[in-house]
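# Structural characterization, general
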Amino acid sequence: MGTPAARKPASLAVRFGLGFAKLLAGLVVALVVFAVGTFFQVRGALPPYSGHVEVQGLKAPVEILRDKNAVPHIIAGSIEDAAFGLGFVHAQDRFWQMEFLRRLGQGRLSEIVPPALVGQGLVATDRTMRGLGLYRAAQSSVAALSPSTRSILDAYSAGVNAWLADDDRQYGLELTLVRLLTGGRYRPDKWQPADSIVWQKLMALTLDGNWRAELLRLSELRKIGEDGVKFLMGPPGDSRDATLALVNEALQGIDLEKLYRATDNIATRKREASNEWVLSGAHTVSGKPLLANDPHLGFGFPGIWYLARLVGPGFDIRGASAPGGPGVVLGHNASIGWGFTTTNLDSQDLFIERIDPTDPNRYLTPDGARPFGGRDETINVLWGRPVKMHIRSTRHGVVINDFMPRTDELAGQGHVLALQATALDGADTSIEGFLRIGLAQNWDDFLDATRKIVTPMQNIVYADTSGNIGLVAPGRVPIRRQGDGSMPSPGWTGDHDWASFVPFDELPRTFNPASGIIVNANARLVPDDYRHFISRDWAEPYRQRRANQLLREVDRHPVYGMIAIQADNLSPDAAEILPVLLKAPPRDARAAKVQDMMGRWNRFMLADRPEPLIYTAWLFELQRELLADEVGKDIYADLAAPNVPLLLRILRDRPQWCDDRTTAQVESCDDIIARSLDAALDDIAREQGTDIESWQWGRAHDAAHKHPLFDGIPLLRDIASVRYPADGGAQTLNRATPAFRGARPFEAVHGATYRAIYDFSDLDNSRFAIPLGESGNLFSRWSHNFVTGWRNFSYIFIAGTTAELQRGAVGTIRLSPPNR
C-alpha cells in the first residue's frame, strides 16, 4: 500500500515497457540460476559435514561435530585451533555472505556484480566506502592488536583459506553466478585479518552512526529554519544552536540532499534497537541469574548470526558468531554470559572546512592554512569503465564531498565537509576486546576485556555463575570543546574539536544494583546529571518501559517467563496517542465504526487482527500530513517512520503545522487527524477489500528476509527470500519494524535477529534461536530449518558431551595437520 504522496502517474506504455523489461531480465537470470542450481545438484556442491581433511595451520587435530540442527561444536586443543575450525565452518556455510560483506567494506562490489544489471547505486556505494577508507582503517588496526589476538585472527583466516584451498571448490550459487558474469575470471582472494576487522567496523559505522543525520538536519534547516530544526531534534542536548546560522551560510552552495542520497547505502544507514535484561537470583525461580538478549538488526537471507560452540582447555563458549569474525560475539562461556544493545553514541561529527581563499589546495585551521591530504582510488566496474576518485582529507578526516562523481557541484562557496568518526580509527582494538569477553571468567576479567573496545559503543549486560550481574557501556566517547555534534560545526576555529575521550572509569557502569534488575532497550542509559554527553538520539522509551513493567510484575521468573517477555506484542505507544486521535470527530460512518473498534483494542500487534494495521497506517498518514508539506517530500522520505513522541509534541506545541500548506483553507489538527484516518482506510481497502473485520496486519506486515541479489527478480524472489506474516511492530518487545517506504511500507525489515536466554543455575539449559538456519546455500536443508521454530518462539539448546553429540550428529569432520 503506497501513500498518495508516493504515487507518481505513468503512462500505460511506460509501465508496460518497464514491467516487460524487468520480467525479461528476471527470466534470463532465473534460467541461469536454474541451470546453475541443476549443476549444483548433479555435482553435489553442498559442503560435506563429514570426513577427514588435512590442512595447513593447525597446532593439533580439531573435531567438528554438527548436532541435529547442524550447529557446529568445535573441539580443539587451543583457542587458536578453535578459531581455525570456526573459520572453516563459516566458509563452508556462509562464504558468499562473507565475500559480499568484505567487498562492501572494501568498496569493491562493482568488480563482481555488474551495475548494468543491478543499478548504478552499487557504484555509489563503492564510492562512499572507498572514500571513507574503512578497509584501510581495518588494515592499519591489525598492527594495534596484541600478539595473542593477532594469532587468533591469523588462525581464523587460515581456517577460511583451508576451505578455499581446493581449486575445484564450489562457493555457492551466488559466487558461481559471479564467476559466470565475470567470464570465469573470479577467484576469491585469501582471507586476511583485516577482512574480519572490517565487519566490526561496518557495524560501528551503522550502530554509532549519525553523520548522515547531520546532513539531513542541514537540509531541514533550509526548509524549516533554525526553530523548526530545534523542534524536530527535541530535547535533550547542548547543541550550541547559535552556530546554525553560520553553518547555513557556509554551506549555501552545496547540494546537501544530493550528497545525502549519494551516501545512502546498507553500510551507512543508521540502525538501532535491541532488548536485554538481566535478573539477579533474588528475582528468579532458581536463585541464580537469568540473562535475556535479542539484538535487532536488518532482516536478510542468510541471517546475520551463525550459532557455534567452541570447546577446549579452559574454554567452552556458546552463542552467536558472525560469519567473517573469529569468535562468539553474543553468548556465554562456562562462567559468565553477556548481551548487547546499542547505545546510539554520537561518535561521528561533520566539520565544515574553509578552503584557503588564496590556494584551493589548502584549508584553514586555528594555526593557519594547511595542505589537504590526498589519495587516489580506482573502482573497477564489471562491464563498465573504471571510476577514478581523488579523496582529500583534513585534520578531522575525509572530505565527504569527494564521494560524489562531480565534485564541482558540491564545492559550495569555499567550504567542504570533513568527517571525524571513531569507526575510521586506524588503531582500533575493539575486536580484541570482544574476543577477550568470551574468555573472561569473572567481572574483573570482563571489565579488562571491555577496556579494549573503541567502537561501536554497546550497553553490555553481564551475569556469572557466582550470582553477580552488571552492565558497562564501553567505547571511545568524544569530549568536545563545545556543543554535542548534532550539527556540522566550523572546523577552522577549533572551538568544536574533540579535546579528548571520556576515561573508561567514567563510562556508564553498574554492578549488582540493589534492585537486582537491569534493563536496556536503547532508551536513555544515563541520568540527567551524568557529566558527559553520549547522545541525543536515544530510542523511544516504550520497549524499555514495557520490559521493566513485565519483569516487576512477577516476584521470581523461570526461563519460560523470559521467553514470554521476548514474545510480548503489546505496543505501549498506543496508550499515549490513541486517546488523542480518538477525540477527533469522525468524518463518516466508516470512520466512526473504526474509531469505536480502536477504542476497544487491547493494543496487541497480532498478525491476524485489523487493529494493528489500522493503527500503523493511521500514524503513517498522520506523520506524512504533518511533515511532508513542511520539509518537502524528498526530505520527508527519511522522516516517514511514525514517531509518537514527535507527533504528540506537534499536536500539542505546533498546531500550526496541522495546516496543509498546499490547500487554500486552514486545517485544524482535528481535521488532519480525521483526514489521515480516511486516507489510511482507503489505502487498506484498496489492498484488502472493504470488509474491515477481515483485514489482517500480517497480510501487509510480512517479515521480509530478503536475498540481497535475487529478491528483486520476480521469478526468484519466492525461492531465494523468506517471508511470513509477522506479529509485533516498531515499539513491541517482539520487534518487527516496518520499512515505511516503497510499495509495501508496512513490510517488516528490522527486528530480532537472535534470541537467547542464559540460565546461570544450569548453563546447559540456556536457549538460543536464529530466524533462518546455519547455511547460506539455498539448496541446503539447513538454510531454512529454524523458520517455524523462530515464529513459534521455540528455542534450541547448544549443549552435550562429545558422546551425546555423536549419537545425534548430522556429521563429523576431523581436521588435522598434514601427516598426523
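Structure first, text after, so check above.
### Points about the state of the cysteines
Using the criterion set out here, one finds one disulfide in the structure. Note on cysteine connectivity: Cys658 is disulfide-linked to Cys669, with sulfurs 2.0 Å apart. Across the disulfide from Cys658 to Cys669, rotation about the S-S bond amounts to roughly 85°, and the bridge is consequently right-handed. You can see Cys658 sitting in the loop between helix H20 (644–653) and helix H21 (669–688) and its partner Cys669 sitting in helix H21, a full 11 residues away along the chain.

### Here we look at the pattern of salt bridges
Taken as a whole, this structure holds 52 salt bridges when the rule is applied. With its nearest N and O atoms 2.7 Å apart, the salt bridge here joins Glu99 to Arg102. Separated by three residues within a single helix, Glu99 and Arg102 lie in helix H2 (residues 79–106), roughly one turn from each other. The class of Glu99 is buried, set by a relative accessible area of 1%. Among the residues examined, Arg102 registers a relative accessible area of 3% and is labelled buried. In this structure, Arg723 engages Asp711 in a salt bridge whose closest nitrogen and oxygen atoms are separated by 2.8 Å. With Arg723 in strand E25 (residues 722–725) and Asp711 in the loop between strand E24 (702–705) and helix H23 (714–720), this pair connects stretches of sequence that are 12 residues apart.

### Examining empty space enclosed by the protein
Taken as a whole and assessed by the stated rule, the structure comprises eight cavities of 30 Å³ or more. Size it by volume and the largest cavity reaches roughly 350 Å³. Lining the largest cavity are 25 residues, and of these Trp199, Trp305, Val329, Phe340 and Phe434 sit closest to its centre. Of all the secondary-structure elements, those providing two or more residues to the lining of the largest cavity are helix H8 (193–207), strand E5 (290–298), strand E8 (328–332), strand E9 (336–342) and helix H12 (430–437). Residue classes in the lining of the largest cavity are distributed as 15 nonpolar, nine polar and one charged. Estimated volume of the second largest cavity: approximately 160 Å³. If you trace the second largest cavity, you find 17 residues lining it, with Asp573, Tyr615, Leu619, Ala730 and Gln731 closest to the centre. In terms of residue count, the dominant contributor to the lining of the second largest cavity is helix H18 (residues 611–631) (three residues).

### Description of the environment of Phe797
Mapped onto the elements of the fold, Phe797 is located in the loop between helix H24 (787–791) and helix H25 (802–808). In this structure, the C-alpha to C-alpha distance between Phe797 and Asp349, residues 448 residues apart in sequence, is 43 Å. When near neighbours in sequence (up to four residues on either side) are disregarded, Phe797 contacts Asp67, Asp764, Asn765, Ser766 and Arg767.

### Focus: the pairing of strand E6 (residues 306–312)
Counting buried positions along E6 yields seven of seven residues, so the element is predominantly enclosed. Because side chains alternate across E6, one face comprises the buried residues Tyr306, Ala308, Leu310 and Gly312, and the other comprises Leu307, Arg309 and Val311, equally buried. Across three bridges, strand E3 (residues 72–75) lies against E6 in parallel orientation. Within the sheet, the bridge partner assigned to Ile75 lies in E6 and is Val311. Note: E6 against strand E7 (residues 315–321), seven bridges, orientation antiparallel. Across the sheet, residue Leu307 finds its bridge partner in E7, namely Ala320. Between E6 and E7, which pair antiparallel one after the other, the connecting turn spans two residues, and Gly314 there sits at a positive phi close to 85°.

### Observations concerning H21
Helix length check: H21 (20 residues) gives 28 Å between terminal C-alpha atoms against 28 Å at 1.5 Å per residue, within 8%. With 14 of its 20 residues buried, H21 lies for the most part within the structure. A positive phi of about 90° marks Gly689, the residue just after H21.

What counts as what
- Residues numbered from 1 in each chain as written.
- Predicted model: local features only at pLDDT ≥ 70, side-chain atom pairs only at ≥ 80, totals over all residues.
- Heavy atoms only, no water.
- Disulfide = S-S within 2.5 Å.
- Helix = DSSP H or I, 4+ residues; strand = E, 2+ residues; numbered from the N terminus.
- Salt bridge = Lys/Arg side-chain N within 4 Å of Asp/Glu carboxyl O.
- Buried < 20%, exposed > 50% of the residue type's maximum accessible area, 1.4 Å probe, protein only.
- 1 Å grid on protein atoms, 1.4 Å probe; cavity = no way out; pocket = protein on both sides within 12 Å on 5 of 7 lines; lining within 4 Å.
- Points joined across faces, edges and corners; volume = space filled by probe spheres on them.
- Nonpolar A, V, L, I, M, F, W, Y, C, P; charged D, E, K, R; others polar.
- Contact = heavy atoms within 4.5 Å.
- Pairing = 2+ DSSP bridges.
- Expected span 1.5 Å × (residues − 1).

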